[in-house]
Amino acid sequence: MSAERVCGVSELEQDMPIRVEPSGVPITVIKDAEGVIHAIGDTCTHGEISLSEGFVEGDTVECWAHGSAFSLLTGKPGNLPAYEPVPVYIVEIDGDDVLIDPTVTKEI
Ligand code: FES
């Protein structure tokens, strides 16, 4: 599978996660304070909560349900109760297009 357009760069506001679903795979896309765009699995590994509803703090997104904060770089939670990482996806930018291949995750 190749990368799919999931949104426009211009649609992303700093630290405001959005949920996208390329090929039905739920992914949270976040533009951080430095303008870097990240893509991680949208479903918290502790429960069926969308991380796109969470709070971005630096390079983490915190699940609103019980407070586990997942790294945007590694997908790993920095605190309990979640202990399993979410996948991290490779983001490609082509003009204003944000492209993600949901079948390819970064090896962390
Ligand atoms: S559901 Fe996310 S920390 Fe519990």
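You'll find the protein entered in an unreviewed UniProt entry as 3-phenylpropionate/cinnamic acid dioxygenase ferredoxin subunit, with Microbacterium foliorum given as the organism.

A. Focus on the pairing of strand S4 (residues 37-41). When you tally the buried positions in S4, you get five out of five residues, the bulk of the element. Note that strand S3 (residues 27-31) and S4 share five bridges and pair antiparallel. Each bridged residue has a counterpart across the sheet, and for Ile27 the counterpart in S4 is Gly41. Here S3 hands over to S4 after five residues, with Gly35 in that stretch at a positive phi of 85°.

B. Structural view of unusual backbone geometry. A cis amide bond, omega 15°, links Leu80 with the succeeding residue Pro81. Among the structural elements, Pro81 can be located in the loop between strand S7 (69-71) and strand S8 (89-94). For Asp15, which is not glycine, the phi dihedral falls at a positive 60°. In this structure, Asp15 sits in the loop between strand S1 (4-8) and strand S2 (18-20). By relative accessible area, which is 24% here, Asp15 ends up partly exposed. Located in the positive-phi region is Ser23, a residue other than glycine, with phi close to 55°. Summarising the element assignment, Ser23 is placed in the loop between S2 and S3.

C. Expanded view of the sheet that holds S7. Strand order across the open sheet formed by three strands is S5-S6-S7, with antiparallel pairing between neighbours. The strands lining the two open edges of the sheet, one partner per strand, are strand S5 (55-57) and S7. With strand direction ignored, the average angle separating the axes of adjacent strands in the sheet is 30°. Where strand S6 (residues 60-62) and S7 come together, three bridges link them in antiparallel fashion.

D. Layout of the environment of Asp97. By the secondary structure assignment, Asp97 is in strand S9 (residues 97-105). Along the primary structure Asp97 and Thr43 are separated by 54 residues, whereas in three dimensions their C-alpha atoms are 23 Å apart. Setting aside residues no more than four positions away along its own chain, Asp97 makes contact with Arg5, Cys7, Val9 and Glu92. A polar contact is formed between the side chain of Asp97 and the side chain of Arg5, at a distance of 2.7 Å.

E. Up close: the pattern of salt bridges. Evaluation of the coordinates by the stated rule reveals four salt bridges. For Asp97, the salt bridge identified is with Arg5, shortest N-O distance 2.7 Å. One end of the pair, Asp97, is in strand S9; the other, Arg5, is in strand S1, with 92 residues separating them in the sequence. Arg5 sits in the partly exposed class, given a relative accessible area of 46%. In this structure, Arg19 engages Glu21 in a salt bridge whose closest nitrogen and oxygen atoms are separated by 2.9 Å. Residue classification places Glu21 among the partly exposed positions, given a relative accessible area of 45%.

What counts, and at which threshold
Residues numbered from 1 in each chain as written. Predicted model: local features only at pLDDT ≥ 70, side-chain atom pairs only at ≥ 80, totals over all residues. Heavy atoms only, no water. Buried < 20%, exposed > 50% of the residue type's maximum accessible area, 1.4 Å probe, protein only. Helix = DSSP H or I, 4+ residues; strand = E, 2+ residues; numbered from the N terminus. Pairing = 2+ DSSP bridges. Axes fitted to C-alpha atoms, helices over the stretch in contact; angles between N-to-C directions. Contact = heavy atoms within 4.5 Å. Polar contact = N/O pair within 3.5 Å; in protein donor to acceptor, adjacent residues only side chain to side chain. Salt bridge = Lys/Arg side-chain N within 4 Å of Asp/Glu carboxyl O.

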